[in-house]
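Listed below, chain by chain, are the residues.
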Amino acid sequence: MWRYVLKRALLAVSIIFSISLITFLILNVLPGDPVAMMLGEFADANKIKEVRHNMGLDLPLWQQYLQWITNLVKGDFGSSYFQKKPVLFLILQAFQYTSYLAAMAYIIALIIGLFMGIIAAVNHGSWLDRFLMSISVLGISAPSFWVAILLQIYIGLRFKIFPVSGVQTSIGYVLPAIALGTRYAASISRVTRASMMEVMGQDFIRTAYAKGLNPFRIVMVHIFRNALIPVITIIGADIGSLLTGSMITENVFNIPGIGKLLIDAINRRDIPLVQGGVIYVAAVCVLIYFIVDVLYAVVNPNIRLGDK
Amino acid sequence: MKKQILAVLSALAVSATALSACSAPTTGNVPDSSTTSGEPSKAAESTETTEAAANDNTGSERKVLKFGQANAGDGLDMQISTSSRAASIADEITESMLRFTEDNEEVPVLLTDFPTISEDGLLYSFELKQGVHFTNGAELKASDVKFTFERMFTPDTGAKSTAYFKMIKGAQDMLDGKATELSGFEIQDDYHFTITLDYAFAPFLKNIATSYADIFPEEACRAAGDKWGFGTDLIGTGPYKIESNDDSTQVTLVKNEDYHGGEVNLDEIDFIYYDDDQTKLIAYENGDIDLADLNASLLSQYQESHGDEITAYHPLGTAFISLNLKADYIKDINVRKAISLAINREELVDTILNGAGVPATSFLNNSIPGHDDSLPVYTYDPEEAKKLLADAGYGDGITIDAEVRQTDQTVFAALQGYLQEVGINLNLNVVDNATWTSDRTAGKIPVTGMTWNALYPDGDFQMYNYFYSKNSDAQGVYYNNADFDKDLDEARVLTDETKRAELYKDADRLLSLEDYACIPLYYPQSQFIAKPYVKNYKVGNLIYHFFDVDIDAAAKAQS
């Protein structure tokens, strides 16, 4: 078991390292010069050259990368070119908003998704099943900005209970969390239904019914628990993408989270902030998948046995 | 059915909020918006709100204006930012020595009167008003003004708009790192100082009335270092001071009780950042904000439902096709003329812009002295355009590359259609701002869209930095006409405004009617939307100022 965990951890670190290299290279071949952006409309070629030199942007690429990665290992992410604040500070600040939104969105998604999935599986083939699954198709296909605007207009404007934008108060998170959670709820419900159906067809379930066990207990303990593995995978992936920010939802609802921070940084070629942000996103994803891998091993001993 | 589902969803969401509310991150010191928000729809809520507001304010009605706009994102230090949105906030806090009113008239602010100018136009003598205090308590002195200008020319500051001030003697030496003091700035006593210029420069008096010359308190500014302009680190002599600022969602300003210019109308202005225009307008409808700029793309949508609340204004700018005069085909004046003849400007303004603009008659904006009011709108004659192209040997059609930013995409899609008709295939490439900026500076863009605004009504501001031979290279234009340069040079040193206007008229003719060095399209119109209880609001040019605005508290309570 520990060997398995160690192997996964080493893999995780090397993935982050590779991503740092790829990001660095991409940012350097991208058109657009942060110095031209910084100096404004009166900058001439000489001035740009001078500032590039002062910032060390004219050094060979490998040297710049080495400098950056050395600082990174020391915990120094650099400072934003435009906001003049440490990158780490900006990311952590944005992370507060994103993580809170992600948590709320996912709680909503889990409650609705699992509930819908279980009901649909138990009643599979019935009108209720078909109805719930068509709703879930709608939920997966509806673009989140569209859901967001509908919520703003039909819930926010009409009922005046939830703010239409801004997160000055925690109630401001409700509409964005619903907008963001809808799609996840839909996919959770479909995966839950499918994997429950698979378990339901197996012999031990028929035996359980034949033994006359309480049907509710059969569904919740025997079927649902065994159906959880695919659900955990999708939860892992979902949380990864939620924690790395949802640009559109954050933008529409005016939430200064990771997605918005990164898009603004990319638009301005705020290179230290983009690099730091991508490392953050990569680290979160890798960490989540690492946890999922370990959880797999805990839930299903076959996986760690196969490793030996 | 859908409503029911949404109701269930929101009910679930409420419980989720309740569960995790204790850990919610809220923004800095921003007050809870529910106690001050504008227009609750239900009567019961309305009473509650009024009561809450009354309790907050020891009986008297507090006047709070909430203004929505996008976040410029590079701070409020106007030496470093060039954004008019940043200036809208900064100008309420920090002041320049002179400024322009919303009627574009220049008035003294921190000075007892306009400075006196020596006969040769080189020496400006200033007298500061006495007893003006920054909001941190420090008194405004000549040393603060000197510090402000020296800070601007110190390379480490990274000031962007030095071009408007570097005619001050010694400025270039500071910019080059050869000096640490501004030799052209001499202090006589705490309230008297002189500025000497390298050469006579008539618009200098106007340049020091822009946001770029806002005066900072030496001690506080030095202490803040490169944090100046972020958070609450911006202190000035203005009518408002920063109460809170998280740099990302909202800036709250409160009244400066000791304002040297007299009683300030509002108790508080909240600048709330909305990067999404649609969201901003929904927030406006919801009463979260009282006032917002209204993008032309949303104009027709809101014209119907909120027509009475929309006010149009005309910034001192010109939207034009900016050309690289060294590029293939473009270097041929017949091609440039043909492009101009191919475009129906009146139709463009009426349809694509929903009427939000005035079709151009020349480059110089129609409110700037020197603009020739007798000129007709540029001729639309596609047949003549085809003939010109055929005569120039391009009868079989040509392909020209254009690179534009997203803001210009719609207009350029229309231009593409016009040009197609006369045999010019405009190969349109839409790129992001950063790519565009570096490509343009590098002279890689043959054709692009541009709106060039003047901060005050003066031909020099609109023409010199873009088209003067020495400067047009950095703009990727490469215009070089000795007669045009001569007009601008002469106008720069003259103080007689009538003579200056004549010179700009001639320069404008050379630039846009003879050389076709750019293709003017229209003089833009912008608009804002304001609740009926927002009184005396007016915008004279680019920057939103809040000097005269007031709120009719009684009308607001009723709405």
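Calculation notes
- Residues numbered from 1 in each chain as written.
- Chains lettered and ligands numbered in written order.
- Predicted model: local features only at pLDDT ≥ 70, side-chain atom pairs only at ≥ 80, totals over all residues.
- Heavy atoms only, no water.
- Helix = DSSP H or I, 4+ residues; strand = E, 2+ residues; numbered from the N terminus.
- Buried < 20%, exposed > 50% of the residue type's maximum accessible area, 1.4 Å probe, protein only.
- Contact = heavy atoms within 4.5 Å.
- Areas by Shrake-Rupley, 256 points an atom, 1.4 Å probe, with all protein chains shown as cover.
- Pairing = 2+ DSSP bridges.
- Axes fitted to C-alpha atoms, helices over the stretch in contact; angles between N-to-C directions.
- Phe/Tyr/Trp six-rings, centres within 6.5 Å; stacked < 30°, edge-to-face > 60°.
- Lys NZ or Arg CZ within 6 Å of the ring centre and 35° of its normal.
- Expected span 1.5 Å × (residues − 1).
- Polar contact = N/O pair within 3.5 Å; in protein donor to acceptor, adjacent residues only side chain to side chain.

1. So, the overall build of chain A
Within chain A, the secondary structure is distributed over 15 helices and 0 strands. Taking the principal axes of the C-alpha coordinates as reference, chain A spans close to 85 × 60 × 30 Å. The burial tally for chain A puts 48% of its 308 residues in the buried class. Sequence separation of at least 24 residues holds for 73% of the intrachain contacts in chain A that already meet a minimum separation of 6. For chain A, the accessible area works out to roughly 14800 Å², and carbon and sulfur atoms hold 69% of it.

2. Thoughts on the environment of W68 of chain A
Residue and element names in this part refer to chain A. Mapped onto the elements of the fold, W68 is located in helix α4 (residues 61-73). As a C-alpha pair, W68 and V294 span 226 residues in sequence and 31 Å in three-dimensional space. Non-local contacts of W68, meaning those with residues more than four positions away in its chain, are made with S20, F24, Q275 and I279.

3. Points about the sheet that holds strand β10 (residues 268-273) of chain B
Sheet strands pair via backbone hydrogen bonds, and the direction of the pair is either parallel or antiparallel. All names here are of chain B. The strand order across the open sheet built from 7 strands is β8-β9-β10-β1-β11-β19-β12, with neighbouring strands paired in mixed fashion. On the outer flanks of this sheet lie β8 (240-245) and β12 (310-313), each paired with one strand and no other. Each adjacent strand pair in this sheet contributes to an overall mean axis angle of 25°, direction not counted. Running over the sheet, helix α8 (residues 277-285) touches β1 (64-69), β11 (291-294) and β19 (526-530) and is turned about 145° from β11. In the packing of helix α9 (residues 299-306) onto the sheet, the strands contacted are β11, β12 and β19, and the crossing angle to β12 comes to about 135°.

4. Here we look at the packing of aromatic side chains
A complete count under the given rule lists 40 aromatic pairs over all chains for this structure. An aromatic cluster of three or more residues is present, and its members are F100, F126, F149, Y164, F165, F185, F193, Y212, Y456 and F461 of chain B. Above the plane of the ring of F82 of chain A lies R268 of chain A, whose end atom (NZ or CZ) is 4.9 Å from the centre. Against the face of W436 of chain B rests R405 of chain B, its NZ or CZ located 3.6 Å from the ring centre.

5. Focus: helix α18 (residues 497-514) of chain B
Residue and element names in this part refer to chain B. The first and last C-alpha atoms of α18 sit 24 Å apart over 18 residues, in line with the 26 Å expected at 1.5 Å per residue. Taken as a whole, α18 has its buried residues at R500, A501, L503, Y504, A507, D508, L510, L511 and S512. As for α18, its buried residues are in contact with α6 (204-207), α15 (459-467), α17 (482-493) and β18 (518-524). Its side-chain oxygen placed 2.9 Å from the backbone nitrogen of T498, D496 serves as the N-cap of α18. Trailing α18 by a residue or two, Y516 shows a phi angle of about 45°, which is positive.

6. Let's talk about the sheet that holds strand β7 (residues 192-196) of chain B
Residue and element names in this part refer to chain B. Here we have 4 strands laid out as an open sheet, ordered β4-β5-β7-β6, and antiparallel in their pairing. Each having just a single partner strand, β4 (116-117) and β6 (185-189) make up the two edges of the open sheet. Where strand β5 (residues 123-127) lies against β7, 5 bridges are found, and the strand directions are antiparallel. Across the sheet, residue Y124 finds its bridge partner in β7, namely I195. The sheet contacts of helix α4 (residues 142-153) involve β6 and β7, and relative to β6 the element is tilted by about 170°.

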